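Reading the structure
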Amino acid sequence: KAGVTQTPRYLIKTRGQQVTLSCSPISGHRSVSWYQQTPGQGLQFLFEYFSETQRNKGNFPGRFSGRQFSNSRSEMNVSTLELGDSALYLCASSLGNTIYFGEGSWLTVV
Amino acid sequence: AQSVTQLGSHVSVSEGALVLLRCNYSSSVPPYLFWYVQYPNQGLQLLLKYTSAATLVKGINGFEAEFKKSETSFHLTKPSAHMSDAAEYFCAVSYDGGSQGNLIFGKGTKLSVKP
């Protein structure tokens, strides 16, 4: 059974640009959530989607957005990138009360 | 605000020694509790979870954790450390009941295992 798949794994962007990250959940999982991991702030919840609807949102500015498609795949977008957005972005999918994480997308903003 | 505290950002043990990683949560309402492990340049792997069933939870790789409501703790233990256990460990809680995507994480504890 395939795990949570995130693409791209690594990317470098310039300040002011925007980026889109993709996440394919485990087959059958309808909930997808996103987290940002940085050395300073640790792991922070961004948002969660269930059946194409945002169910929870963390404390991040509006530059961070996401969506979920009918096949449960999810994308997150960060606009007007700042240096501080450099981080590992982790996607997780869940069924019931168990959450499984992907390998993450490493974003570097220069 | 709810929070998770992991005591000790770095823990070092000798191979074969007991591993004890501490986690305390802040709430009078028992949450769902999780331990995840992260190896370098990888995502998070679920070690074990507590969801109000048995207070002693057994996980993968020989790890286990005990939920103690009176101490609001969920410490992770392993009787005998192995070199392959060297990684960063995260304790996490969820208070959302059925909405399990919103986890609050501790700052993590890096475990080093000396030969």
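Computed from a predicted structure; not experimentally measured.

**A look at the sheet that holds strand β3 (residues 19-24) of chain A**
All names here are of chain A. Spatial strand order, β1-β3-β8-β7: 4 strands in an open sheet with antiparallel pairing. One side of each edge strand has no neighbouring strand; the edge strands of this open sheet are β1 (5-7) and β7 (64-68). Taking the axes of each pair of neighbouring strands and ignoring which way they run, one obtains an average angle of 20° across the sheet. Looking at chain direction, β3 and strand β8 (residues 74-78) are connected through 5 bridges and run antiparallel.

**Describing the nonpolar core**
Core analysis: the biggest nonpolar cluster contains 26 residues, and W35, L47, L48, F74, L76 and Y89 of chain B have the highest contact counts within it. Listed by contribution, the elements that provide at least two residues to this core are β2 (10-14), β3 (19-21), β5 (32-38), β6 (44-50), β8 (64-68), β9 (73-78), β10 (87-94) and β12 (109-114) of chain B. Per element, the largest residue contribution to this core is 4 residues, and it comes from β10 of chain B. Filtering out sequence-adjacent residues up to four positions away, F74 of chain B remains in contact with C23, L33, F34, W35, L48, K49, Y50, V57, A65, E66 and F67 of chain B. Listed in part, the 21 residues of the second largest apolar core include V19, I26, M76 and L107 of chain A.

**Brief notes about the environment of G3 of chain A**
Residue and element names in this part refer to chain A. Relative to the helices and strands, G3 resides in the segment before β1. G3 sits in the partly exposed class, given a relative accessible area of 39%. For the pair formed by G3 and L21, sequence separation is 18 residues and the distance between their alpha carbons is 17 Å. When near neighbours in sequence (up to four residues on either side) are disregarded, G3 contacts S24 and I26.

**Observations concerning the layout of surface pockets**
Roughly 520 Å³ of volume is contained in the largest pocket. As for the largest pocket, its lining consists of 22 residues, and the residues nearest its centre are Q37 of chain A together with Q38, E88, F90 and K110 of chain B. Within the residue set of the lining of the largest pocket, elements represented by two or more residues are β4 (31-38) and β9 (87-95) of chain A together with β10 of chain B. Ranked by the residues each element gives to the lining of the largest pocket, the list is headed by β10 of chain B, at 3 residues. Taken together, the residues of the lining of the largest pocket sort by class into 8 nonpolar, 11 polar and 3 charged. By volume, the second largest pocket is sized at about 320 Å³. Lining of the second largest pocket is provided by 18 residues; of these, L43, Q44 and F45 of chain A together with I104 and F105 of chain B occupy positions nearest its centre.

**Side note on the interface of chain B and chain A**
Listed as interface residues are 21 residues of chain B and, on the opposing side, 21 residues of chain A. Interface area, chain B with chain A, both sides summed: about 1800 Å², of which 50% is carbon and sulfur. Here chain B and chain A share 0 salt bridges between them. Here chain B is connected to chain A by 4 residue pairs in polar contact (both at pLDDT 80 or more). Those elements giving two or more residues to the side of chain B that touches chain A turn out to be β5 and β6 of chain B. The element best represented in the side of chain B that touches chain A is β5 of chain B, accounting for 4 residues.

Reading guide: rules and limits
Residues numbered from 1 in each chain as written. Chains lettered and ligands numbered in written order. Predicted model: local features only at pLDDT ≥ 70, side-chain atom pairs only at ≥ 80, totals over all residues. Heavy atoms only, no water. Pairing = 2+ DSSP bridges. Helix = DSSP H or I, 4+ residues; strand = E, 2+ residues; numbered from the N terminus. Axes fitted to C-alpha atoms, helices over the stretch in contact; angles between N-to-C directions. Core = buried A, V, L, I, M, F, W, Y, C linked by side-chain atoms within 4.5 Å. Buried < 20%, exposed > 50% of the residue type's maximum accessible area, 1.4 Å probe, protein only. Contact = heavy atoms within 4.5 Å. 1 Å grid on protein atoms, 1.4 Å probe; cavity = no way out; pocket = protein on both sides within 12 Å on 5 of 7 lines; lining within 4 Å. Points joined across faces, edges and corners; volume = space filled by probe spheres on them. Nonpolar A, V, L, I, M, F, W, Y, C, P; charged D, E, K, R; others polar. Buried area = accessible area lost by both parts, 1.4 Å probe. Salt bridge = Lys/Arg side-chain N within 4 Å of Asp/Glu carboxyl O. Polar contact = N/O pair within 3.5 Å; in protein donor to acceptor, adjacent residues only side chain to side chain.

By themselves these figures say nothing about function.
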